[in-house]
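# Remarks on the overall topology
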Amino acid sequence: MAQIDEKFYLVRSDVLPESMKKTLEVKELLEREKVPSIHEAVKQVDLSRSAFYKYRDTVFPFQAMVKERMITLFFYLEDRAGTLSNLLRIVANAGCNVLTIHQTIPLQGKANVTLSINTSLMSIEIDQLLQQLKKLDFVIRVEILSSGA
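Residues numbered from 1 in each chain as written. Predicted model: local features only at pLDDT ≥ 70, side-chain atom pairs only at ≥ 80, totals over all residues. Heavy atoms only, no water.

For soluble globular proteins, the rule of thumb is that nonpolar side chains tend to be buried together. Leu73, Phe75, Leu87, Ile117, Leu129 and Leu133 are the most contacted members of the largest nonpolar core, which has 23 residues in total. Elements supplying a minimum of two residues to this core: strand E1 (70–78), helix H5 (83–93), strand E3 (110–118), helix H6 (126–134) and strand E4 (139–148). The residues contacting Ile117, other than those within four sequence positions of it, are Arg69, Met70, Ile71, Leu73, Val91, Cys96, Asn97, Val98, Leu99 and Leu129. Core analysis: the second largest hydrophobic core is formed by nine residues, Val26, Ala41, Val42 and Val45 among them. (Core = buried A, V, L, I, M, F, W, Y, C linked by side-chain atoms within 4.5 Å. Buried < 20%, exposed > 50% of the residue type's maximum accessible area, 1.4 Å probe, protein only. Helix = DSSP H or I, 4+ residues; strand = E, 2+ residues; numbered from the N terminus. Contact = heavy atoms within 4.5 Å.)

Written as structure tokens, this is what we have:
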């Protein structure tokens, strides 16, 4: 089950563990298309793939989070009537504009949904939005996949 009391912190880079710093390097290599794959990127910065996957959705460059107005959220949901409309209602009530929606065909009562949203007019903090979404009983997991303009 997703952790409901998730918070975000601003931390100086010199106190970050080496694996988190290297995860940021891998993400930058991938974003700038300097390497063809995650395998090549982690190899280049001498980081294990497991460490990269552990931290990739939890550590972000400060400048990117401040400047960006678009985020992509990934949801793993129970397949019930009205789940997508309930998600969209909460996102809209937070002042976000939905840019794209992608939903997989439900299998074994579960479905994946990816939302790209514009947060420039957001009325609450992103961690507050995530907490609201995680409290929904049909939400199994919600993650920030990316942030970008």
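That covers the picture; the talk isn't over yet.
So, about a nonpolar patch on the surface. On the surface, Tyr9, Val11 and Val15 cluster together to form a nonpolar patch covering roughly 340 Å² of accessible area. Along the chain, Val11 turns up in the segment before helix H1 (18–31). The partly exposed category is assigned to Val11, whose relative accessible area is 44%. (Patch = residues over 30% accessible without salt bridge, like charges linked within 9 Å, V, L, I, M, F, W, Y side chains within 5 Å. Areas by Shrake-Rupley, 256 points an atom, 1.4 Å probe, with all protein chains shown as cover. Salt bridge = Lys/Arg side-chain N within 4 Å of Asp/Glu carboxyl O.)

Under the defined criterion, the tally for this structure stands at one cavity of 30 Å³ or more. The space that makes up the largest cavity amounts to roughly 30 Å³. Lining the largest cavity are Leu77, Glu78, Asp79, Thr83, Gln103, Ala111 and Val113. Within the residue set of the lining of the largest cavity, elements represented by two or more residues are E1 and E3. (1 Å grid on protein atoms, 1.4 Å probe; cavity = no way out; pocket = protein on both sides within 12 Å on 5 of 7 lines; lining within 4 Å. Points joined across faces, edges and corners; volume = space filled by probe spheres on them.)

Here we take up unusual backbone geometry. For Asp46, which is not glycine, the phi dihedral falls at a positive 60°. When you line up the elements, Asp46 lands in the loop between helix H2 (38–45) and helix H3 (49–55). For Asp46, a relative accessible area of 60% puts it in the exposed group. With a phi angle near 50°, Gln108 is a residue other than glycine that sits in the positive phi range.

The subject of this paragraph is the environment of Leu30. Looking at the secondary structure, you find Leu30 in helix H1. Leu30 sits 12 residues away from Val42 along the chain, and the two C-alpha atoms are 9.9 Å apart. Leu30 has contacts with Val35, Ser37, Ile38, Ala41 and Phe52, leaving out every residue within four places of it along the chain.

Alignment of E1 against E3, held across nine bridges, turns out to be antiparallel. Of the residues in E3, the one forming a bridge with Phe74 is Thr114. Of the pairings in the sheet, the one linking strand E2 (residues 97–103) to E3 comprises six bridges and is antiparallel in character. When the sheet's bridge partners are listed, Thr100 is paired in E3 with Ser116. Between the antiparallel neighbours E2 and E3 lie six residues, among them Gln108 with a positive phi of about 50°. (Pairing = 2+ DSSP bridges.)

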